[in-house]
Each structure stands twice: as structure tokens, then as C-alpha cells.
Amino acid sequence: MSTLKEILNRRPVSATIRLTVPAGGARPAPPVGPALGQYRLNLMAFCKDFNARTQKYKPDTPMAVTITAFKDNTFEFTVKSPSVTWYIKKAAGVESGSGRPGHEVASTVTLKHVYEIAKIKQSDPYCQYMPLKSICKSIIGTANTMGIKVVKELE
């Protein structure tokens, strides 16, 4: 239950914006510029903050960002790690998954790859309290739907 002070201090939200921006590559050009500009948010402040937060990732790694824009033209944002499909494609060394998953195998990944991806994804806000085993099962399911086979060890 929220206290009266918390309720009175809440700022009215004007929009929630979801973007996929390359790590360290936020610029006031599209797609960032038009998305934030229509809510009159400070583009340069977002770009500097985002690039500083994503400095530890390799350049051009697609990062999911959720920006909460408030009515007083301020904003907050959360950065999530790259998607599971991106990690699986990198681990498998393929450009895209199978055209016919379940019939054709595009590539293979090991359980060690799955475990490493799960360790990275565990830091995400949505997976923070999930057990590692559940995250691994979810990643294996994603790999199967992409037509990428999960094996114990590579031959």
C-alpha cells in the first residue's frame, strides 16, 4: 500500500516509449530523435545518459530501452540486456534462424552457451527473481522455435 506522501509526489506520466537502440550509439537522429521529440524531451541528455550506461557492451549491440516521459518534460529510462534471440544467433554463429523450425536445423548451441545467456539475462529487471533453471528452460524453448538445436557438447 502506498503512503499518502508517495501518492502526492507522483508525477503524471505522458507516455511510455519502447525503443531498440544500438549500445553506445544513441544519437538525436532517427529512431531516437522523433520518438523523444514529440514529447519535448531533452534528446542530448538521453543520448549522453544512454551511451554512458551502455558503455560496457560491444558497439552495435541492440539494447531494449523503456523510456517513461512525464508531463513536466522530464524522463526516466531503463535499459535491458539484448534479446535472447540475439544472443542465441551470436552463439550459434548464424544470421537468422531456420525458415522451417522443427523440420530443418539451422545450427546448434551447447548447454554451456544456454547457461551463459541465462546468467546475463538474470540481471534483467523481469528475470531478477526467476531461478536460473527456469531462465535456461525458456532459452532452450526460444532456441527450438528458431530451429537451433541445443546439445550437451559439440562434436
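Residues numbered from 1 in each chain as written. Predicted model: local features only at pLDDT ≥ 70, side-chain atom pairs only at ≥ 80, totals over all residues. Heavy atoms only, no water.

A.B. asks: Which residues make up helix α6 (residues 132-145), and what values do they have?
C.D. replies: Because each turn of an α-helix spans 3.6 residues, side chains separated by three or four positions in sequence point in the same direction. Here α6 is 14 residues long and its end C-alpha atoms lie 20 Å apart, about the 20 Å a rise of 1.5 Å per residue gives. By the burial criterion, the buried members of α6 are Leu132, Ile135, Cys136, Ile139 and Ala143. Down the axis of α6, the buried side of the element spans an arc of 100 degrees, and every buried residue falls inside it. Turned more than 90 degrees from where α6 packs its buried face, Lys133, Lys137 and Thr145 sit exposed. Elements that come into contact with the buried residues of α6 comprise α4 (84-92), α5 (111-121) and β5 (148-151). Glycine 147 lies just past α6 and shows a positive phi near 80 degrees. (Helix = DSSP H or I, 4+ residues; strand = E, 2+ residues; numbered from the N terminus. Expected span 1.5 Å × (residues − 1). Buried < 20%, exposed > 50% of the residue type's maximum accessible area, 1.4 Å probe, protein only. Arc of directions from axis to C-beta. Contact = heavy atoms within 4.5 Å.)

A.B. asks: Give me the lowdown on the environment of valine 94, citing residues and values where you can.
C.D. replies: Here valine 94 is to be found in the loop between α4 and β4 (107-110). A C-alpha to C-alpha distance of 37 Å links valine 94 and phenylalanine 75, two positions 19 residues apart in sequence. For valine 94, the residues in contact, after removing those within four places along its chain, are Lys89, Ala106, Ser107 and Ile148.

A.B. asks: Pulling in residues and values, what's your account of the domain arrangement of the protein chain?
C.D. replies: By the assigned domains, the protein chain splits into domain 1 (11-81) and domain 2 (83-151). The C-alpha-based centres of domain 1 and domain 2 are spaced at 27 Å. The interface is formed by 5 residues belonging to domain 1 together with 8 residues belonging to domain 2. Carbon and sulfur atoms make up 55% of the area that domain 1 and domain 2 hide from each other, which totals about 560 Å². When the area that domain 1 buries against domain 2 is broken down by residue, the three leading residues are Pro62, Lys80 and Ser81, summing to 74%. Taken together, the links from domain 1 to domain 2 amount to 2 residue pairs in polar contact (both at pLDDT 80 or more). Considered class by class, the residues forming the side of domain 1 that touches domain 2 number 2 nonpolar, 2 polar and 1 charged. (Domains from an automatic or database assignment. Buried area = accessible area lost by both parts, 1.4 Å probe. Polar contact = N/O pair within 3.5 Å; in protein donor to acceptor, adjacent residues only side chain to side chain. Nonpolar A, V, L, I, M, F, W, Y, C, P; charged D, E, K, R; others polar.)

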